[in-house]
Amino acid sequence: MATTDEVEGSAPKIVWNEAKQRFESEDQKAYIDYVLREKGKVMDLVHTYVPSSKRGLGLASHLCVAAFNHAKANSMSVIPTCSYVSDTFLPKNPSWNSLLYSPETKSSI
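The structure reproduced in this document is the subject of the present report. (Residues numbered from 1 in each chain as written. Predicted model: local features only at pLDDT ≥ 70, side-chain atom pairs only at ≥ 80, totals over all residues. Heavy atoms only, no water.)

1. A few points about the pattern of salt bridges
- Applying the stated criterion across every chain, the model contains four salt bridges.
- Between Lys13 and Glu26 there is a salt bridge whose closest N-O contact spans 3.8 Å. Residue Lys13 is found in the segment before strand 1 (14-17), and its partner Glu26 is found in the loop between strand 2 (22-25) and strand 3 (31-37); the two are separated by 13 residues along the sequence.
- In this structure, Asp27 engages Lys54 in a salt bridge whose closest nitrogen and oxygen atoms are separated by 2.8 Å. One end of the pair, Asp27, is in the loop between strand 2 and strand 3; the other, Lys54, is in the loop between strand 4 (42-49) and helix 1 (59-73), with 27 residues separating them in the sequence. (Salt bridge = Lys/Arg side-chain N within 4 Å of Asp/Glu carboxyl O. Helix = DSSP H or I, 4+ residues; strand = E, 2+ residues; numbered from the N terminus.)

2. Considering the pairing of strand 4
- Sheet topology places strand 3 next to strand 4; seven bridges connect them, and they run antiparallel. Each residue of the ladder has a partner; that of Asp33, found in strand 4, is His47.
- Bridge count for strand 4 against strand 5 (residues 77-79) is three bridges, and the pairing is parallel. Its bridge partner being in strand 5, Met43 is matched across the sheet by Val78.
- Since strand 4 and strand 5 lie parallel, the crossover through helix 1 that links them has a hand, and here it is right-handed. (Pairing = 2+ DSSP bridges. Right-handed = clockwise from strand over helix to strand, strands pointing away.)

Structure follows, in structure tokens:
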């Protein structure tokens, strides 16, 4: 019996690898790395990698969505240092812009 990940057209399974500070495909071949800043309240997305054999399938976008969902669920802001995130993902998915880090929005409390 096929799992939902094996059904054609289903979204790939993305897992959070906290120890390596990244979100990755189940086979660990595609990933988005991050660095925590501001005492863990800001996630800086620094690098996205998808092997050539998996490019063009929307995997990088799924990695970004996993990272942004994690940030949202944990009340974190995001810095899109990675050029894929800033130049490709966010222009196509502007609804995530509300999570972007801005030094002016830091609480002074």
